[in-house]
There are 2 protein chains.
Amino acid sequence: MSPDTPRVLSATALRGLMEQVFMTAGCEADAAGVASDVLLEADLRGYSTHGLLRLPTMIRRIQSGMINAAARPRVVTERAGSALVDADRALGPVGALFGARLAAHKAESAGTAAVGVVNGDHICMAGYYVEQIAKTGCVGLITTVTQPLVHPLGGTERLLGTNPVAIAIPIRGQEPLLLDFATSEIAYGSVLTAKARGEQLPPGVALGPDGTPTTDPGLAAQGALASFAGHKGFGLCLFLGLLAGPLLGAKVGRPLGQAVKEGHYDKGDLLVALDPGAFTDPGVFQDSVKAHLEEVKSSRKAPGVADIRIPGERARAERARRLRDGVPVDQEVWREVVAIAGELKVSLPV
Amino acid sequence: MSPDTPRVLSATALRGLMEQVFMTAGCEADAAGVASDVLLEADLRGYSTHGLLRLPTMIRRIQSGMINAAARPRVVTERAGSALVDADRALGPVGALFGARLAAHKAESAGTAAVGVVNGDHICMAGYYVEQIAKTGCVGLITTVTQPLVHPLGGTERLLGTNPVAIAIPIRGQEPLLLDFATSEIAYGSVLTAKARGEQLPPGVALGPDGTPTTDPGLAAQGALASFAGHKGFGLCLFLGLLAGPLLGAKVGRPLGQAVKEGHYDKGDLLVALDPGAFTDPGVFQDSVKAHLEEVKSSRKAPGVADIRIPGERARAERARRLRDGVPVDQEVWREVVAIAGELKVSLPV
């Protein structure tokens, strides 16, 4: 089949392809599985900016030595409710999942735990890791800092990361409740996607390299994105960068940008787990959460609104649809994946 | 002097007056001092919606028995990195400060600690408590849930709180870096202030009781406020309410509104402290924070922007000005305070 054919892949085929590519590039089965799970989960929920789109960069970084395919994350230092993990330059998902499991495990006895992960790469879908924490019954929170892509409020230079935050809350008999957003107006991946598709950006979300507003994704990719929500969003973006960078002994801003250029993604991921049992009866907690969601969901709607949407609701509906109907893959992304698979002699799904 | 005279009070006079009012209403010196410190700090920074304006309600709640002036907050349950505190229906500042000190103390050994405070009243300026945590060298985070005042995105009923979040980061040789914002578009206090001053609200921040948009603060006070920043802000507002309410065994939404009506502010405050020493060298951390703020502050400005403002910067300048020139007090607020002082036979500052 030609790389130009528009593609819809089944979840199984997509995951299998990614796993093969990771393994052929040098990853062990565990690492390849984890990374494939995270990318697949993003693609299933319609977060295509954090799915297969990321595979080529991850493979290139393995090939350049920036990512260590055989990494062994290890605990550098720990206390009852905290730990610092050196991810050994692992694939982002490998380091972050290690941190998530450790945070949940430590919170079980300490009540709360914060785990910092350094020397890992881009973690892709932040929400994935806190969902894993929530599946143990704990509340999970993660934030991470990215290389500088966002300008300060009132400024024009890219100095802040797109610094996402995700929180997951366990709910009895259901998938966890998930909040997951970037503190930039739009994700950097959306800029790359718009560029690949020849689409324009919405106004007000980006500046070009000359510091003037632009809707051209090509200019935005060399310029800077806006943080979300005025001074509140700018503040949150700035603070999360400090917590996922310097607090963990990692970098932020220009020094982080410089480190990435030199082949070391010297940022951090901060994961926090809170055990509801440290505060209240976990069953009562989960029932109260359900009751609040129910009163919100069933409350009076504004004119013209068909449905009040709980965070993550649309993504879960999309996930069910794509599990059934397959995952559409952008032509530009597919072309790159085909090229990488070809190089590595990984056969494409039929 | 007449209650109609426009007032500017020195910080000392304002604090002294509040302390006397609290003590005469039944508070011990410690509690009166803490509550006065918090209200003064808000007024000094120009957050008049969280300062003296709150005093009358606090006193009325002491008089009705909703607030216990002689409360003794106590630890109900704890683990290495967590605790639940029953504030014994204390003034909000008394319970929250107890929680902040406990969180900082526990983080010193556990690395991280999360403390839930229940059975406390409205905490006024959220940032105050995390600044106290930051002064011990830890990063501090707080969130709290308020009675339902905010409508869901796409809805019109008030079901969510204005749920603020505040984060403070210690900086060597300086006051802590502080982020402090409500997850509603505007604070409920701003509605009350606009009403007292006969001013209109900006468009897009509130609905009237019939669910239609309004700029009339009187209608907004009976209606509902918008959460900030579209679906991201709605999500954050919703999640923070779940973490400060149900996670701590407290209420959120309609049940919280009902409890307040029945004379029990059955909400919670969640405080988290992170000891930088659990992850990295605290001095290096603080130097990196300073360096990042400096690169942001000194970066290229957008046309027409005189200054890139770091969160909290304007409030600190205002604080210095008001310490020097005094704190202006709204006429309507002053009238209420004069009435309360009269009842309690507390003499007004000359």
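Just so it is clear, the model here is predicted, and its values are computed rather than measured. (Residues numbered from 1 in each chain as written. Chains lettered and ligands numbered in written order. Predicted model: local features only at pLDDT ≥ 70, side-chain atom pairs only at ≥ 80, totals over all residues. Heavy atoms only, no water.)

A.B. asks: Would you mind going over the relation of the copies chain B and chain A in detail, with residue names and values included?
C.D. replies: The operation relating chain B to chain A is a screw motion whose rotation component is 180 degrees, with 0.0 Å of axial translation and a residual RMSD of 0.0 Å. Taken together, the rotation and translation relating the two chain copies correspond to the operation of a two-fold axis. (Least-squares fit on C-alpha atoms with pLDDT ≥ 70 in both.)

A.B. asks: Lay out the side chain of N163 of chain B with the relevant residues and their values.
C.D. replies: Residues and elements named next belong to chain B. Mapped onto the elements of the fold, N163 is located in the loop between strand 5 (139-144) and strand 6 (165-169). A polar contact of 2.8 Å, which involves the side chain of N163, links it to the backbone oxygen of C237. Setting aside anything within four residues of it in sequence, one finds N163 in contact with T144, V145, T146, A182, T183, C237, L240 and G241. (Helix = DSSP H or I, 4+ residues; strand = E, 2+ residues; numbered from the N terminus. Polar contact = N/O pair within 3.5 Å; in protein donor to acceptor, adjacent residues only side chain to side chain. Contact = heavy atoms within 4.5 Å.)

A.B. asks: An account of the pattern of salt bridges is requested, with residue identities and associated values reported.
C.D. replies: Residues and elements named next belong to chain A. As enumerated under the stated definition, the model contains 52 salt bridges over all chains in all. Across the pair R15 and D37 runs a salt bridge whose closest N-O atoms are separated by 2.6 Å. Taken together, the residues span a long stretch of sequence, with R15 in helix 1 (residues 11-24) and D37 in helix 2 (residues 29-44) at a distance of 22 residues. Judged by its relative accessible area of 27%, D37 falls in the partly exposed class. (Salt bridge = Lys/Arg side-chain N within 4 Å of Asp/Glu carboxyl O. Buried < 20%, exposed > 50% of the residue type's maximum accessible area, 1.4 Å probe, protein only.)

A.B. asks: A description of the nonpolar core should follow, citing residues and the corresponding values.
C.D. replies: It is characteristic of soluble globular proteins that their nonpolar side chains tend to be buried jointly. Among the nonpolar cores identified, the biggest contains 108 residues, and I169, L177 and L247 of chain A together with I169, L177 and L247 of chain B are the most heavily contacted of them. Once you skip the residues sitting within four places of it in the chain, L247 of chain B turns out to touch V139, L274, P276, F279, T280 and F285 of chain A together with L242 and L270 of chain B. Formed by 69 residues, the second largest nonpolar core is a distinct cluster that contains L91, V94, A126 and V130 of chain A. (Core = buried A, V, L, I, M, F, W, Y, C linked by side-chain atoms within 4.5 Å.)

A.B. asks: Describe the packing of aromatic side chains, listing the residues and the values that go with them.
C.D. replies: Inspection of every chain in the model, using the stated rule, returns five aromatic pairs over all chains. With 6.0 Å between their ring centres and 45 degrees between their planes, F228 of chain A and F228 of chain B make a pair best called tilted. Residue F228 of chain A is located in the loop between strand 9 (224-225) and helix 8 (230-244), and its partner F228 of chain B is located in the loop between strand 9 (224-225) and helix 8 (230-244); the two belong to separate chains. Given a relative accessible area of 2%, F228 of chain A falls into the buried group. Of the aromatic side chains, those joined through ring pairs into one cluster are F181 and F228 of chain A together with F181 and F228 of chain B. (Phe/Tyr/Trp six-rings, centres within 6.5 Å; stacked < 30°, edge-to-face > 60°.)

A.B. asks: Which residues make up the interface of chain B and chain A, and what values do they have?
C.D. replies: Opposite the 77 residues of chain B that make contact, chain A presents 77 residues. Among the residues chain B hides against chain A, the three largest losses belong to K232, F239 and F279 of chain B. Together they make up 13% of the total. On the surface where chain B and chain A come into contact, there are four salt bridges. Of the charged contacts in the structure, one is a salt bridge between D275 of chain B and R79 of chain A, with a shortest N-O distance of 3.0 Å. The interface formed by chain B and chain A includes 28 residue pairs in polar contact (both at pLDDT 80 or more). The biggest single contributor to the side of chain B that touches chain A is helix 8 of chain B, with eight residues. Here the residues of the side of chain B that touches chain A sort into 45 nonpolar, 20 polar and twelve charged. (Buried area = accessible area lost by both parts, 1.4 Å probe. Nonpolar A, V, L, I, M, F, W, Y, C, P; charged D, E, K, R; others polar.)

A.B. asks: Requested: an account of the sheet that holds strand 10 (residues 268-274) of chain B, with residues and values cited.
C.D. replies: Ordered in space as 2-3-4-10-5-6-7 (chain B), the seven strands form an open sheet in which the pairing is mixed. Across the chains shown, the open sheet's two edge strands, defined by having one partner strand only, are strand 2 (74-79) and strand 7 (177-181) of chain B. Taking the axes of each pair of neighbouring strands and ignoring which way they run, one obtains an average angle of 15 degrees across the sheet. In the sheet, strand 2 of chain B pairs with strand 3 (residues 82-90) of chain B via five bridges, with the strands oriented antiparallel. Counterpart to V75 of chain B in the pairing with strand 3 of chain B is V85 of chain B. In this fold helix 8 of chain A packs onto strand 5, strand 6 and strand 7 of chain B, with an angle of close to 135 degrees to the strand it touches most, strand 7 of chain B. (Pairing = 2+ DSSP bridges. Axes fitted to C-alpha atoms, helices over the stretch in contact; angles between N-to-C directions.)

A.B. asks: Which residues make up the environment of S36 of chain A, and what values do they have?
C.D. replies: Residue and element names in this part refer to chain A. For S36, the position within the fold is in helix 2. Classification of S36 as buried rests on a relative accessible area of 0%. Put simply, S36 and F22 are 14 residues apart on the chain and 8.1 Å apart in space, counted from C-alpha to C-alpha. Discounting chain neighbours no more than four positions away, the residues touching S36 are R15, M18, E19 and F22.

A.B. asks: Please set out the packing of helix 1 (residues 11-24) of chain B against helix 2 (residues 29-44) of chain B residue by residue, giving values where relevant.
C.D. replies: Each pair of packed helices can be summarised by the angle the axes make with each other and by the distance between the axes. Residues and elements named next belong to chain B. Between helix 1 and helix 2, the least distance of the axes is 8 Å, while the angle of their chain directions is 140 degrees. Classified by the interaxial angle, the pair formed by helix 1 and helix 2 is oblique. For the element pair helix 1 and helix 2, the recorded crossing hand is right-handed. For the pair formed by helix 1 and helix 2, the contact residues are A11, L14, R15, M18, E19, F22 and M23 on the first element and A29, A32, G33, A35, S36, D37, L39, L40, D43 and L44 on the second. Here the contact of helix 1 with helix 2 is composed, by residue class, of eleven nonpolar, two polar and four charged. (Parallel < 35°, antiparallel > 145°, perpendicular 65-115°, else oblique. Left-handed = near helix turned anticlockwise from the far one by under 90°.)

A.B. asks: Could you give an account of unusual backbone geometry, with specific residues and numbers?
C.D. replies: One non-glycine residue, K345 of chain A, adopts positive backbone phi at about 60 degrees. In this fold, K345 of chain A is placed in the segment after helix 12 (331-344). Look at K345 of chain A and you get exposed, because its relative accessible area is 75%. If you check the backbone angles, A229 of chain B has positive phi at about 60 degrees while not being a glycine.

Spatial relationships are all this shows, so hold off on functional conclusions.
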